[in-house]
Amino acid sequence: MTSRANHDRMANAIRALAMDAVEAAKSGHPGLPMGAADIATVLFTKFLKFDPADPKWPDRDRFVLSAGHGSMLLYALLYLTGYPKMTIEEIKRFRQLDSKTPGHPENFITEGVETTTGPLGQGIGNAVGMALAERIMNAEFGDGAVNHFTYALCSDGDLMEGVSQEAISLAGHLKLSKLIVLFDDNRITIDGSLSLADSTDQVARFQASGWNAMRIDGHDPEAIEKAIASAQKSDKPTMIACRTTIGFGAPKKAGTADAHGSPLGADEIKGAREKLGWNHPPFEIPAHILAEWRKAGSRSADARKQWNERVKALPADKRAEFERRLAGKLSPAFAGAVRAVKENAAKNPKEVATRKASEEVLGAIVAAAPEMVGGSADLTGSNNTKTKSMPVICPGNYKGQFLHWGIREHGMAAAMNGMALHGGVIPFSGTFLVFSDYCRPSIRLAALMGVRAIHVMTHDSIGLGEDGPTHQPVEHLAALRAIPNLTVLRPADLTETAECWQLAVENAEGPSVLALTRQNLPALRTAFEEKNLSARGAYELSPAKGKAQVSLFASGSEVSLCMAAKAELEKQGIATRVVSAPSLDLFFEQDANYRASIIGDAPVKIGCEAAIRMGWDEIIGTGGIFVGMTGFGASAPYKDLYRRFGITAEAIVAAAAAALGEGRGTPRKERA
């Protein structure tokens, strides 16, 4: 049993490293690490199952620092417990270029960091996803292979962000009992006392959301230990509100906003050292204290070895499937399932909305990729993300492939990131494209982290019709395409939809958005092509008869308009080609020669998309013609809207003929 004096020495090691690193960097947040040091010390020395010798051990407990501004808490813990790449030199380089200790935790930079946090509320959403993935994997492979807790340390700010309510209400509903949230209840924000802006009873709030919740003294190690032990036995997720003092130990700034987001200063650090009884130079941890921490770090080594033996003892087929899923590799059956859809589409061409085409594709691929876990934000019948073969995940029964997320787009997207980070599952979800605004912060973090989260976003234009401009996305495709490492896919028919799904699922290094139509579209690819033509982002769908005078470029529902326009132009003797561009993101990644070959040298270039022009000039040029939207939509049947806004084959034909009549060198054409 750890004595109080020994606990204090170990916790003070965290406090010293935090205040020294922030002071050396001349920026950072010392208050949270100093205030939460007692909580972290108890958790990491007595409960957390982890092994620095194998940071990616699949059955480790997950620790999410949702309050990412307190990153020095986590870096100090990683150094003290013995993660090999977290050296004292890295601690000294806090917030410096190319260090392992960036301002906020980044999982792709620092071993031992489970997720990238900083935007408040995201971490608790990620933790819900991790806890959900753990239960899904446990239901499939059993306690011997998957049985661990997810812990999240969150702040007042995390709980004020709206995404936190979406996340905690879902976790309470699903009874994710292996999720434990430690709330650093210091009642201080950047502006000052929490009472300036909030008076929520967080314990009552969590209890109302189906959680076990309690209050303790966050500086009492016995109370912390008792609370966590109790939480581990609960049949509900647990929130422990740990009342702490921000900047604990600082003689003047403790308990004030001055300790939150800036260095304490030399005099205050000197006073803190005296008050804490820490008489050691900056960045120096006495050998006996470091030895105690390293002992805590090696505490689970035997548990990891025993886990390895249990996995080895699994039946060969089950073990192979378990290891395949953890490695993120797809079954050989996956490519065959995509091929079968494409072959059938060529044999039986039909007019179908791409959202419905997506459902048909999913019917084939979820069987070949059972790690795919889908869902919808209460729009299942509209998004078509559930097939008949997908069992529903529900409280206490996690053996399934579909989740009813409820009207929680932001929490859904954050949890999906956590599921992807946990490993063993490939999350996909559904909502309307216009509601990508609710998902955007989480999608951006998925792109930053490079995780495979797939967002099916239907009703992708004014083509959704009568619901009107509140629901009609106009700027959303451009806004999503602006996010680095996010692949936006907008297929034109069933075959392209199958290809886009293949690209999304095979992309293990970033998120994807599939933008799908409500309205039916004609089959355009009527000959089977084994090659994934969508993989390079754009390809020539229909070549010109002779040297092209006009090149038409479009994505999704507007490709068929271009095909109709081409037919009319060629009746008029105007050689026209059509390029389908299901992904501008992928196209812009291609080499210059390929891009030039697809863009071509036709004197008239016209882009067509039921969205704003932004992003298309790289293909059609600033002097090219764009047939699309310049403002918001309206409420009406979709065919009336396309006519009202001039997005028709006739408009494309007229624009091409006018440009040819004017001679090339036509200025950029704007339409009302």
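Anything mentioned here points back to the structure above.
Read on for a plain summary of the structure. From a predicted model like this one, the values you see are computed outputs, not experimental measurements.

Criteria and thresholds
Residues numbered from 1 in each chain as written. Predicted model: local features only at pLDDT ≥ 70, side-chain atom pairs only at ≥ 80, totals over all residues. Heavy atoms only, no water. Helix = DSSP H or I, 4+ residues; strand = E, 2+ residues; numbered from the N terminus. Buried < 20%, exposed > 50% of the residue type's maximum accessible area, 1.4 Å probe, protein only. Lys, Arg positive; Asp, Glu negative; His and termini not counted. Salt bridge = Lys/Arg side-chain N within 4 Å of Asp/Glu carboxyl O. Polar contact = N/O pair within 3.5 Å; in protein donor to acceptor, adjacent residues only side chain to side chain. Core = buried A, V, L, I, M, F, W, Y, C linked by side-chain atoms within 4.5 Å. Contact = heavy atoms within 4.5 Å. Pairing = 2+ DSSP bridges. Axes fitted to C-alpha atoms, helices over the stretch in contact; angles between N-to-C directions. Parallel < 35°, antiparallel > 145°, perpendicular 65-115°, else oblique. Left-handed = near helix turned anticlockwise from the far one by under 90°.

## Remarks on the side chain of Asp198
Step number 1: Locating Asp198 in the fold gives a position in the loop between strand S5 (192-193) and helix H9 (202-208).
Step number 2: Arg205 provides the closest opposite charge to the buried, salt-bridge-free Asp198, at an N-O distance of 6.9 Å.
Step number 3: At 3.0 Å, the side chain of Asp198 and the side chain of Thr200 are in polar contact.

## Description of the nonpolar core
Step number 1: Among the nonpolar cores identified, the biggest contains 59 residues, and Leu17, Met72, Ile91 and Ile240 are the most heavily contacted of them.
Step number 2: Met72 has contacts with Leu17, Ala18, Ala21, Val22, Pro33, Ile91 and Phe94, leaving out every residue within four places of it along the chain.
Step number 3: The next biggest cluster of nonpolar side chains, apart from the first, holds 54 residues, and it includes Trp57, Ala213, Phe322 and Leu421.

## As for the pairing of strand S19 (residues 604-609)
Within a regular strand, side chains alternate between the sheet's two faces.
Step number 1: Of all six residues making up S19, six are buried, and the element is well covered by its neighbours.
Step number 2: By the alternation rule, side chains of S19 split into Val604, Ile606 and Cys608 and Lys605, Gly607 and Glu609, which are all buried.
Step number 3: The pairing of strand S17 (residues 550-554) with S19 spans five bridges and is classified as parallel. Opposite Ser551, over in S19, you have Lys605 as the bridge partner.
Step number 4: Across four bridges, the pairing between S19 and strand S20 (residues 625-628) is parallel. Pairing of Cys608 across the sheet is with Val627, part of S20.

## Thoughts on the packing of helix H6 (residues 122-141) against helix H14 (residues 316-327)
Step number 1: Running from amino to carboxyl end, H6 crosses H14 at an angle of 165 degrees, the nearest separation of the two axes being 11 Å. Between H6 and H14, the angle falls in the class roughly antiparallel. Helix-helix and strand crossings are classified by hand; for H6 and H14 the assignment is right-handed. Along the contact surface, H6 presents Met137, Glu140 and Phe141, while H14 presents Lys318, Glu321, Phe322, Arg325 and Leu326.

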